[in-house]
Amino acid sequence: MSEHGAGAAGAAGAAGAAHATTGTYLRIAAILVMITLIEVGVFYVPAFQSVLVPLLLVLSAVKFTLVVMFYMHLKFDNRFFAFLFGGPLLLALVVVVSLLLIFYGAVRLRTGM
Amino acid sequence: MGVDNRKMAFWAFIGSECLLFGSLIATYLVYKGRSLVGPYPHEILNIPFTSFSTFDLLMSSLAMVLALAAVQRGDMKQGKLWLLVTALLGLVFLGGQFWEFSNFLHEGLGLTTNLFGSTFYVLTGTHGAHVTVGVIWLLTLWIQAVRGKLGPKQALTVEITGLYWHFVDVVWIVIFTVVYLIQ
């Protein structure tokens, strides 16, 4: 790595450390574990069956966001990294939804349902 | 722009990985519930066991950020410890996946048994391969740290390793929900 690169990295590291402390990391970990327990809990409770899928997707999205923002430091880092990650992530979501729509659309056309 | 070139390249790589896993997850979802023969997901997926694997991977992410924080402040004793803990938690996850796959094979679910088997093994197997690469990477860093070749000046190397490891974790967060909990 170049001297400039090392300096930039050090500065970025220092900035990251200033924003996210060990206490923050531990709090995030506790929240992640609690959300996982809630996910598993609602899976077994029959009363939640009607809202299970949206509820699990929201909880999963919250966990995903917490890890990306705090553990991957995207909240404190250069916004360009958010663009580099968010762009393909959005595209991947579009691919998933499009494939599901195309596939189930084709099935509906074939079966007439 | 004032961004580090290695970090920028790695974020771009992670972006491309989003597309890889996005297509594998889409394939799994498209073929979900379309197996003509068993075993079916609800018959063999072990939620309590996979919940433990999820907890293990979340804790490995915590260990990874603690390792990075320690290396950044020059505390290499803690840095070495947390790097080793991260790698060991990764190995525990891989052991769990090996046990799960062996169990499924014993129950009659192979790669070509049905659509569930094919899509499940390809998706979780690809993730497992990524975890394996991550564990090797972490152990390499740990060996470097033990030899005294890793210090605060190499904090960016540890940060990039961390980015990879956390990405593997977020992919599992999605897989755990989509494959295991939404049956």
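Residues numbered from 1 in each chain as written. Chains lettered and ligands numbered in written order. Predicted model: local features only at pLDDT ≥ 70, side-chain atom pairs only at ≥ 80, totals over all residues.

What to know about the overall build of chain B
Logical step 1: Each helix and strand in chain B was counted, giving six helices and zero strands.
Logical step 2: Across chain B, helices and strands are ordered from the amino to the carboxyl terminus as α-α-α-α-α-α.
Logical step 3: Principal-axis analysis of the C-alpha atoms places the extent of chain B at approximately 55 × 35 × 20 Å.
Logical step 4: The burial tally for chain B puts 44% of its 183 residues in the buried class.
Logical step 5: Here the analysis covers contacts within chain B between residues at least 6 apart in sequence; of these, 84% occur between residues at least 24 apart. (Helix = DSSP H or I, 4+ residues; strand = E, 2+ residues; numbered from the N terminus. Buried ≥ 20, exposed ≤ 12 C-beta atoms within 10 Å, placed from the backbone. Contact = placed C-beta atoms within 7 Å.)

Thoughts on the packing of helix α2 (residues 22-44) of chain A against helix α3 (residues 47-72) of chain B
Logical step 1: At a closest axis distance of 10 Å, the pairing of α2 of chain A and α3 of chain B adopts a crossing angle of 170 degrees. As the angle between them shows, α2 of chain A and α3 of chain B are arranged roughly antiparallel. Of the residues in α3 of chain B, those touching α2 of chain A at Thr22, Tyr25, Ala29, Leu32, Val33, Thr36, Val40 and Phe43 of chain A are Ile47, Ser51, Thr54, Phe55, Leu58, Leu62, Val65, Leu66 and Ala69 of chain B. (Axes fitted to C-alpha atoms, helices over the stretch in contact; angles between N-to-C directions. Parallel < 35°, antiparallel > 145°, perpendicular 65-115°, else oblique.)

Thoughts on the interface of chain B and chain A
As a measure of interface size, the accessible area lost when the parts come together is often cited.
Logical step 1: Listed per partner, the contact involves 44 residues of chain B and 44 residues of chain A.
Logical step 2: Those elements giving two or more residues to the side of chain B that touches chain A turn out to be α1 (5-30), α3 and α6 (155-181) of chain B.
Logical step 3: Looking at the side of chain B that touches chain A element by element, the count peaks at 16 residues for α1 of chain B.
Logical step 4: Residue composition of the side of chain B that touches chain A, by class: 27 nonpolar, 12 polar and five charged. (Nonpolar A, V, L, I, M, F, W, Y, C, P; charged D, E, K, R; others polar.)

Observations regarding the environment of phenylalanine 93 of chain B
Residue and element names in this part refer to chain B.
Logical step 1: Examined against the element boundaries, phenylalanine 93 turns out to sit in helix α4 (residues 76-107).
Logical step 2: Here the alpha-carbon distance between phenylalanine 93 and isoleucine 14, two residues 79 residues apart in the chain, equals 21 Å.
Logical step 3: Once you skip the residues sitting within four places of it in the chain, phenylalanine 93 turns out to touch Ser53, Asp56, Leu57 and Val131.

Quick look at the nonpolar core
Logical step 1: Val65, Leu66, Ala67 and Leu83 of chain B are the most contacted members of the largest nonpolar core, which has 71 residues in total.
Logical step 2: Secondary-structure elements contributing two or more residues to this core are α2, α3 (52-71) and α4 (79-111) of chain A together with α1, α3, α4, α5 (115-146) and α6 of chain B.
Logical step 3: Take this core: its biggest share by element is 19 residues, from α6 of chain B.
Logical step 4: Leucine 83 of chain B has contacts with Ala67, Leu138, Leu141, Trp142 and Ala145 of chain B, leaving out every residue within four places of it along the chain. (Core = buried A, V, L, I, M, F, W, Y, C linked by C-beta atoms within 7 Å.)

Considerations on α5 of chain B
Think of an α-helix as turning once every 3.6 residues; residues three or four places apart then point the same way.
Logical step 1: With 32 residues, α5 of chain B extends 46 Å between its outermost C-alpha atoms, agreeing within 8% with the 46 Å of an ideal straight helix rising 1.5 Å per residue.
Logical step 2: Glycine 148 of chain B sits one or two residues past α5 of chain B and shows a positive phi near 80 degrees. (Expected span 1.5 Å × (residues − 1).)

Some points on the confidence of the model for chain B
Logical step 1: Here chain B averages 95 in pLDDT, while 99% of its residues score no lower than 70.
Logical step 2: This prediction of the complex comes with two scores: 0.90 for pTM and 0.93 for ipTM. (pLDDT = per-residue confidence, 0-100.)

A closer look at the environment of valine 65 of chain B
Logical step 1: Assignment of secondary structure puts valine 65 of chain B in helix α3.
Logical step 2: Along the sequence, valine 65 of chain B and lysine 77 of chain B sit 12 residues apart, while their C-alpha atoms lie 15 Å from each other.
Logical step 3: What valine 65 of chain B contacts, discounting residues up to four positions off in sequence, is Tyr25 and Tyr71 of chain A together with Gly162 of chain B.

Examining unusual backbone geometry
Logical step 1: Backbone torsion omega between glycine 38 of chain B and proline 39 of chain B reads 0 degrees, so that peptide bond is classified as cis.
Logical step 2: At histidine 73 of chain A, a residue that is not glycine, the phi angle is positive and equals roughly 60 degrees.

Describing the packing of α3 of chain B against α4 of chain B
Geometry of a packed helix pair, given as the angle between the helix axes and the separation of the axes.
Residues and elements named next belong to chain B.
Logical step 1: Where α3 meets α4, the closest approach of the two axes is 8 Å, and the angle between their N-to-C directions is 160 degrees. Regarding the angle of α3 to α4, the classification is roughly antiparallel. The element α3 and its partner α4 pack so that their crossing is left-handed. Here Phe49, Ser53, Asp56, Leu57, Met59, Ser60, Ala63, Met64, Leu66, Ala67, Ala70 and Val71 of α3 lie close against α4, whose contacting residues are Gln78, Gly79, Trp82, Leu83, Val85, Thr86, Leu89, Gly90, Val92, Phe93, Gly96 and Glu100.
Logical step 2: Residues that form the contact of α3 with α4 fall into these classes: 15 nonpolar, seven polar and two charged. (Left-handed = near helix turned anticlockwise from the far one by under 90°.)

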